[in-house]
Amino acid sequence: MKRLAHVLLGLLLVFGLTLAGFVALNWAPDRPLDELKARWAPPPSQFVELDGLSVHLRDQGRRDDPEPIVLLHGTSASLHTWEGWVTELAKQRRVISLDLPGFGLTGPFPDGDYRLERYTGFLLTLLDRLQVPRAVLVGNSFGGQLAWRFALAHPERSARLVLVDAAGYPRNAESVPIGFRLAGVPALAPVMSRLLPRAMIESSLRNVYGDPDKVDDELVERYYQLTLREGNRQALRQRFAQAPSGELHERIGELQLPTLIIWGGRDRLIPPDNAEHFAADIAGSQLVLFDDLGHVPQEEDPQRTVAVLLAFLAR
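Keep in mind it's a predicted model, so treat the numbers as computed, not measured. (Residues numbered from 1 in each chain as written. Predicted model: local features only at pLDDT ≥ 70, side-chain atom pairs only at ≥ 80, totals over all residues. Heavy atoms only, no water.)

### Focus: the overall build of the protein
Of regular secondary structure, the protein possesses 13 helices and eight strands. The buried share among the 315 residues of the protein stands at 54%. If you sum the accessible surface of the protein, you get close to 14100 Å²; carbon and sulfur atoms cover 56% of it. (Helix = DSSP H or I, 4+ residues; strand = E, 2+ residues; numbered from the N terminus. Buried < 20%, exposed > 50% of the residue type's maximum accessible area, 1.4 Å probe, protein only. Areas by Shrake-Rupley, 256 points an atom, 1.4 Å probe, with all protein chains shown as cover.)

Structure follows, in structure tokens:
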């Protein structure tokens, strides 16, 4: 019995030391905005006070563009995901990119409301503030869902629609990044609000790229640092709890504006059959599939994908 007790005590000691080491290596409390601004919000970034938020955005390109392009990123991303596109688009058009509430440097909604109606109202207020009467709405993933929901609610403000691996139909994911899975477990909230393994961020990014080898240290660092922005982790949990899958998808067929659908053929989070549903439901829409790309094609291969958008805008 003594020997068994010693073995058990040794195992407990090893477990305790292992756990303590894991916590020490991955301890990552929230970081205030001011600590992150210098690196992630250089010019032309600006912050606009709106709805109790300090909205991080970039407003670039032609000031006389009658229909500016508004770029809406996906879950846990930021305006940086569009940088490759903005470089080309801003040569010809006015381009507005922003960190949506709950993500990037903008931070959480003060009232904790993350329903799609709240986001569409926020976007309308932002367009009014920026004096944009009509916009070309471009959205990836969650941002794509926001784009088509806004176009339904405000067709008079929506000139064209570009859906990039957009959410909308009931979920049929083939693979979900580990970070999203953990954020959807309420019991883990106390732990996940203080711990953030960098390896988990890397694994999640590799999961959504068509070619995981394109995920480099700089990309991982950006997603990691911006996830730590004060309030973002709690906002992600709240949004998952408040956003039912497939809400209003039966109204997608009501959209009556020129629509381009761009999709990654290797997207396992929102598989390509969703692109086919959008193409079938939106009359006159154009679908372009990139067989080798994943869930964020605009980030994974900006040059090839923006060329398709430029051709659509030139029509």
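Moving on from the coordinates now.
### As for the pairing of strand E6 (residues 158-164)
Most of E6 sits out of view: seven of its seven residues are buried. One ladder, built from six bridges, connects strand E5 (residues 135-140) with E6; its direction is parallel. From the neighbouring strand, Gly139 faces E6, where its bridge partner is Leu163. In terms of handedness, the path from E5 via helix H5 (residues 142-153) over to E6 forms a crossover that is right-handed. (Pairing = 2+ DSSP bridges. Right-handed = clockwise from strand over helix to strand, strands pointing away.)

### Looking at the packing of aromatic side chains
Counted according to the given criterion, the structure contains 10 aromatic pairs. With a centroid separation of 5.3 Å and an interplanar angle of 50 degrees, the aromatic rings of Trp82 and Trp85 are classed as tilted. Each member of the pair, Trp82 as well as Trp85, is classed as buried. Centre to centre, the rings of Tyr169 and Phe278 are 4.8 Å apart; their planes meet at 70 degrees, and the pair counts as edge-to-face. Here Tyr169, found in the loop between E6 and helix H6 (178-183), pairs with Phe278, found in helix H11 (residues 273-281); they are 109 residues apart in sequence, far enough to count as distant. Accessibility classification places Tyr169 together with Phe278 in one group, the buried group. Here the aromatic residues Phe103, Phe109, Tyr114, Tyr119, Phe122 and Phe142 are joined through ring pairs into a cluster of three or more. (Phe/Tyr/Trp six-rings, centres within 6.5 Å; stacked < 30°, edge-to-face > 60°.)

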